[in-house]
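Residue-level listing of the chains:
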Amino acid sequence: MTAEADERDSPAANSCALTRSYGPFTVVEVSGEIDMATAGLVVEHLDAATAVAEPDVLVDLRPVEFLDCSGLRVLCRAEGRARERGGRLRIVSDGPRIDRLLRASGLLGRFPPLRAMPSETEKPQ
């Protein structure tokens, strides 16, 4: 599928998420406050990103101001969907708040954050 087709099939950007192609990756950029009231806005993007065979998804959390257990549940569900389809889901975060939340929830090993976006030319593993 081409990048243009991927973008056509992506959900429309909303107040909390947008999806774009970046080299071999599908990037879901999440922003604002992700809680029970807004997690569904992120789900539609992550569901679309993980619906393909062997998805390689980057979830960019750098613009996130707040993330609670609803947001963590969405990430865990999407990561499981990606794995089931032979792919992967990784997060990009350069802030200590997300690290603390992942550590406290026991999810730091499942989601070791990338500090920056990988090179567009990185080969999927």
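Everything here concerns the structure above.
Residues numbered from 1 in each chain as written. Predicted model: local features only at pLDDT ≥ 70, side-chain atom pairs only at ≥ 80, totals over all residues. Heavy atoms only, no water.

Draft legend 1. Structural context of the environment of L18. Relative to the assigned elements, L18 resides in strand β1 (residues 17–22). A C-alpha to C-alpha distance of 8.9 Å links L18 and S31, two positions 13 residues apart in sequence. Not counting the four nearest positions on each side in its chain, L18 is found in contact with A13, V27, V28, E29 and H45. (Helix = DSSP H or I, 4+ residues; strand = E, 2+ residues; numbered from the N terminus. Contact = heavy atoms within 4.5 Å.)

Draft legend 2. The arrangement of helix α4 (residues 96–105) in detail. By the burial criterion, the buried members of α4 are I98, D99 and L102. Projected down its long axis, α4 carries its buried residues within an arc of 100°, all on one side. In α4, the exposed positions angled more than 90 degrees off the buried face are occupied by P96 and A104. Tucked into the core, α4 has its buried residues touching β5 (64–67), α3 (69–84) and β6 (88–92). Directly after α4, the chain includes G106, whose backbone phi takes a positive value near 80°. (Buried < 20%, exposed > 50% of the residue type's maximum accessible area, 1.4 Å probe, protein only. Arc of directions from axis to C-beta.)

Draft legend 3. Local environment of the nonpolar core. L46 and V59 are the most contacted members of the largest nonpolar core, which totals 26 residues. Of all the secondary-structure elements, those providing two or more residues to this core are β2 (25–30), α2 (39–49), β4 (56–60), β5, α3, β6 and α4. Looking at which element gives the most residues to this core, the answer is α3, with six residues. With residues near it in sequence (within four places) discarded, V59 still touches V28, V30, L46, L75, L89, R90, I91 and V92. Ranked by size, the runner-up nonpolar core spans six residues in total, among them Y22, V27, L58 and V92. (Core = buried A, V, L, I, M, F, W, Y, C linked by side-chain atoms within 4.5 Å.)

Draft legend 4. View of the packing of aromatic side chains. Taken as a whole and assessed by the stated rule, the structure comprises one aromatic pair. On the numbers, 6.3 Å between centres and 25° between planes, the contact of Y22 with F25 is stacked. A residue is classified by how much of its surface remains accessible, and F25, at 2% relative accessible area, is buried. (Phe/Tyr/Trp six-rings, centres within 6.5 Å; stacked < 30°, edge-to-face > 60°.)

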